[in-house]
Amino acid sequence: MNELAAFIREAYRAFTGSRAALVGVIVSLLPIGAYALSLALQSNLAVELGLSDNQIAQLNLASTVVFAIACIAGGWLSDRYGRRRMLALFIVLTVVPTLWLAWTMLQQHWIMPVEVSMPNRPQPSDVLLITFWAAVIVYNVFQGLYYGVRSALFMDVTTPAVAATQFTAYMAMANLVITYTSWWQGLSIVRWGYPVTLGLDAAFGLVVLFFLPFMAPKRGADAARVPAASTAASGSTG
């Protein structure tokens, strides 16, 4: 019991003992960039736009490949130019394809969800289909770039004595973000449509930028070399 109590005290101090670790809690509870093109909105929209199962599989395969390559590149870039600087850049870049798709959908008058079983339902233009494909793939490049960097930054602010527990907690909170983001986006699509939801997703994804400057790694420099920086870049999405 004494050992367990000591561990709990150490874990609590790990999250509250430094500004970087405490800010890390806030950052882990916020969307890291735009999320919509990696959640249910993207898969639902693919079906509504009339993509076949084979086309959806091809899109998922292309997205997975570019995501994996970008993870490795993101880890290398963060080691070379600094965690927070690169993470901020990649976060902003996830907004670009999101807003591009929102603007195209607005221009093409594809606003509200469409029942796939609706008789004589509207058909998407080639412009909208091409934009959707391109936006999803480009988005996965930028998401892949930041994913490994985010993991490495969380590792930078952990306390060695409870590093595994602290990092796991950060990742669990990051998964909570996926849950509540999927929830509000589902409600938003039904109420306001796709373009507004994509715009809100982009706006919420940029809020985290205000907190990154206060998340300087405990061991000094933003560009601190941590072995996890390279290995985290090969992680999966979360």
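Below is a short write-up of the structure.

What to know about the overall build of the chain
- Of the regular secondary structure elements, the chain holds nine helices and zero strands.
- Within the chain, buried positions represent 47% of all 238 residues.
- Here the analysis covers contacts within the chain between residues at least 6 apart in sequence; of these, 85% occur between residues at least 24 apart.
- Element-wise, carbon and sulfur atoms account for 68% of the exposed surface of the chain, whose accessible area totals about 11600 Å².

Focus on the pattern of salt bridges
- For the structure shown, the criterion picks out two salt bridges.
- Among the ionic pairs, R83 bridges to D79, the shortest N-O distance being 2.9 Å.
- The class for R83 is buried, based on a relative accessible area of 0%.
- What makes D79 buried here is its relative accessible area of 15%.
- One salt-bridge network, held together by shared partners, links D79, R83 and D156.

Some thoughts on the environment of F132
- Checked against the element boundaries, F132 lands in helix α6 (residues 126–156).
- Each C-alpha atom of the pair F132 and L101 lies 6.4 Å from the other, and the pair is 31 residues apart in sequence.
- F132 has contacts with Q42, L45, A46, L49, L51, L59 and L101, leaving out every residue within four places of it along the chain.

Focus on the nonpolar core
- Counting residues in hydrophobic clusters, the biggest one holds 51 residues, and the most contacted among them are L101 and F132.
- Elements represented by at least two residues in this core include exactly α2 (19–28), α3 (40–48), α4 (53–81), α5 (83–107), α6, α7 (163–192) and α8 (194–206).
- It is α6 that contributes the most residues to this core, eleven residues altogether.
- Apart from the residues lying within four places of it in its own chain, the contact partners of L101 are L37, L45, L128, T131, F132, A135 and L198.

Thresholds applied
Residues numbered from 1 in each chain as written. Predicted model: local features only at pLDDT ≥ 70, side-chain atom pairs only at ≥ 80, totals over all residues. Heavy atoms only, no water. Helix = DSSP H or I, 4+ residues; strand = E, 2+ residues; numbered from the N terminus. Buried < 20%, exposed > 50% of the residue type's maximum accessible area, 1.4 Å probe, protein only. Contact = heavy atoms within 4.5 Å. Areas by Shrake-Rupley, 256 points an atom, 1.4 Å probe, with all protein chains shown as cover. Salt bridge = Lys/Arg side-chain N within 4 Å of Asp/Glu carboxyl O. Core = buried A, V, L, I, M, F, W, Y, C linked by side-chain atoms within 4.5 Å.

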